[in-house]
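Summary of the model geometry
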Amino acid sequence: MTIRAVLWDVDDTLFDYAAADRAGMRAHLAAEGLTGLHGSVEGALRRWKELTELHWRRFEDGSGGGWQDQRRHRVRDFLGRPALTDPEADAWFGRYVTHYEAAWELFPDALPVLDLLAAEYRQAVLSNSSVHAQEPKLRALGVRDRFEAVLCAAELGSAKPAAEAFHAACTALALAPHEVAYVGDRPDIDALGAQEAGLRGIWLDRAGVGGQPGLHRITDLHQLPPLLRGDTRFGAPSTFG
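To start, this report covers the structure provided alongside it. Keep in mind that this is a model prediction, so the values were computed, not measured. (Residues numbered from 1 in each chain as written. Predicted model: local features only at pLDDT ≥ 70, side-chain atom pairs only at ≥ 80, totals over all residues. Heavy atoms only, no water.)

1. Brief notes about the pairing of strand β2 (residues 122-127)
For β2, the tally of buried residues reaches five of six residues, placing the bulk of the element in the interior. Sheet topology places strand β1 (residues 5-8) next to β2; four bridges connect them, and they run parallel. Looking at β2, one finds that Ala5 is bridged to Arg122. As paired elements, β2 and strand β3 (residues 150-152) share three bridges and run parallel to each other. Bridge pairing links Ser127 to Cys152 in β3. Taken together, β2, helix α6 (residues 131-140) and β3 form a β-α-β motif whose crossover is right-handed. (Buried < 20%, exposed > 50% of the residue type's maximum accessible area, 1.4 Å probe, protein only. Helix = DSSP H or I, 4+ residues; strand = E, 2+ residues; numbered from the N terminus. Pairing = 2+ DSSP bridges. Right-handed = clockwise from strand over helix to strand, strands pointing away.)

Okay, structure coming up:
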């Protein structure tokens with residue numbers, strides 16, 4: 001039952017989405033003359049984050065429409081303009097994306113660990129995003145060539161934590177679930193979802209919050225290679241808490 005491949009989440013795992021989102025929205029608010037929206041810049045950033053999480057959950061569970069719909073819903077709710085047309089919402093979001101992309105960065109541990117694992121493990125991506133968003137991002141960050149495949153919920157028709165999403169990625173790699181480890185920043189959607197689908201789920205807890213018994217947890221990607229090499233069945237007690 002040796003692990004033969006590592007399947008990756010992208011946002012807030014390899015790529016610092018939270019920092020880029022905050023920086024991008026801060027710049028966008030200034031450019032749009034909206035720094036007073038929701039009381040202050042910090043208030044607007046909090047509201048944008050709340051709406052992003054809300055509409056992502058609805059996209060993931062299928063209740064909020066498609067990929068483009070969740071973006072439009074976020075914009076309308078954030079601006080308080082429910083009658084905003086689709087083209088208007090798309091244009092507003094597109095202007096935000098320009099600022100967001102200017103702030104893209106990998107976490108410092110991402111590239112060294114991707115390269116270190118490459119000699120021993122196949123690697124691919126499974127994201128609750130869209131290929132149209134993640135492919136250009138991975139290329140711009142200089143890591144697309146590290147992955148055999150990039151699979152995303154918008155195109156698969158199923159999202160993590162559904163077993164179907166994880167199994168689709170295993171099928172793309174022609175591997176059984178028990179031969180694949182999944183690494184992601186969310187204990188429920190990523191690690192537990194993978195574990196329940198038969199993969200080896202690993203929670204990347206960068207903030208060190210802990211408190212999720214039964215999950216294999218690391219706090220830095222540099223802890224991943226020794227974990228994979230020394231405990232391929234994940235049967236021994238984890239030294240990472």
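2. What to know about unusual backbone geometry
Trans is the prevailing form of peptide bonds, just as negative phi is the prevailing case for residues other than glycine. Going from Lys160 to Pro161, the amide bond is cis rather than trans, its omega being 15°. Among the secondary structure elements, Pro161 is positioned in the loop between α7 (153-156) and α8 (163-173). One non-glycine residue with positive phi stands out, namely Asp12, at about 65°. Here Asp12 is to be found in the loop between β1 and α1 (17-32). Backbone geometry at Ala174 places phi at a positive 55°, although glycine is not the residue there.

3. Quick word on the pattern of salt bridges
Under the counting rule described, the total for this entry stands at 22 salt bridges. Here Glu42 makes a salt bridge to Arg26, at a shortest N to O gap of 2.8 Å. You can see Glu42 sitting in helix α2 (residues 41-61) and its partner Arg26 sitting in helix α1, a full 16 residues away along the chain. According to the relative accessible area criterion, Glu42 is partly exposed, its value standing at 33%. Because the salt bridges share partners, they merge into one network encompassing Asp69, Arg72, Arg76, Asp86 and Asp90. (Salt bridge = Lys/Arg side-chain N within 4 Å of Asp/Glu carboxyl O.)

4. Topic: the side chain of Arg76
When you line up the elements, Arg76 lands in helix α3 (residues 67-79). With a relative accessible area of 14%, Arg76 lands in the buried category. For Arg76, the side chain forms a polar contact with the main-chain oxygen of Leu84, separated by 2.7 Å. Ignoring anything within four residues of it in the chain, the contact list for Arg76 reads Arg81, Pro82, Leu84, Thr85 and Asp86. (Polar contact = N/O pair within 3.5 Å; in protein donor to acceptor, adjacent residues only side chain to side chain. Contact = heavy atoms within 4.5 Å.)

5. As for the packing of aromatic side chains
Applying the stated rule across the entire model yields 16 aromatic pairs. Here Phe15 and Trp104 contribute two aromatic rings whose centre-to-centre distance is 6.1 Å and whose plane-to-plane angle is 80°, an arrangement assigned as edge-to-face. With Phe15 in the loop between β1 and α1 and Trp104 in the loop between α4 (86-102) and α5 (110-117), the pair connects residues that are 89 residues apart, well separated along the chain. Judged by its relative accessible area of 0%, Phe15 falls in the buried class. Here Phe93 and Tyr96 contribute two aromatic rings whose centre-to-centre distance is 5.2 Å and whose plane-to-plane angle is 75°, an arrangement assigned as edge-to-face. Taken together, the residues Phe93 and Tyr96, both in helix α4 and three residues apart, mark about one turn of the helix. Residue classification places Phe93 among the buried residues on the basis of a relative accessible area of 6%. Members of the aromatic cluster, each reached through a chain of ring pairs, are Phe15, Tyr17, Trp48, Phe78, Trp92, Phe93, Tyr96, Tyr100 and Trp104. Lying over the aromatic face of Phe107, Arg206 brings its terminal NZ or CZ to 3.8 Å of the ring centre. (Phe/Tyr/Trp six-rings, centres within 6.5 Å; stacked < 30°, edge-to-face > 60°. Lys NZ or Arg CZ within 6 Å of the ring centre and 35° of its normal.)

6. Things to note about the sheet that holds strand β6 (residues 216-218)
Strand order in the open sheet made by the six strands is β3-β2-β1-β4-β5-β6, with parallel pairing throughout. Every interior strand has two partners, whereas the edge strands, β3 and β6, have only one. Here the average twist between neighbouring strands, direction ignored, is 25°. The pairing of strand β5 (residues 200-204) with β6 spans three bridges and is classified as parallel. Within β6, the residue paired with Leu204 across the bridge is Ile218. Set on the sheet, α6 makes contact with β2 and β3; between it and β3 the angle comes to about 150°. (Axes fitted to C-alpha atoms, helices over the stretch in contact; angles between N-to-C directions.)

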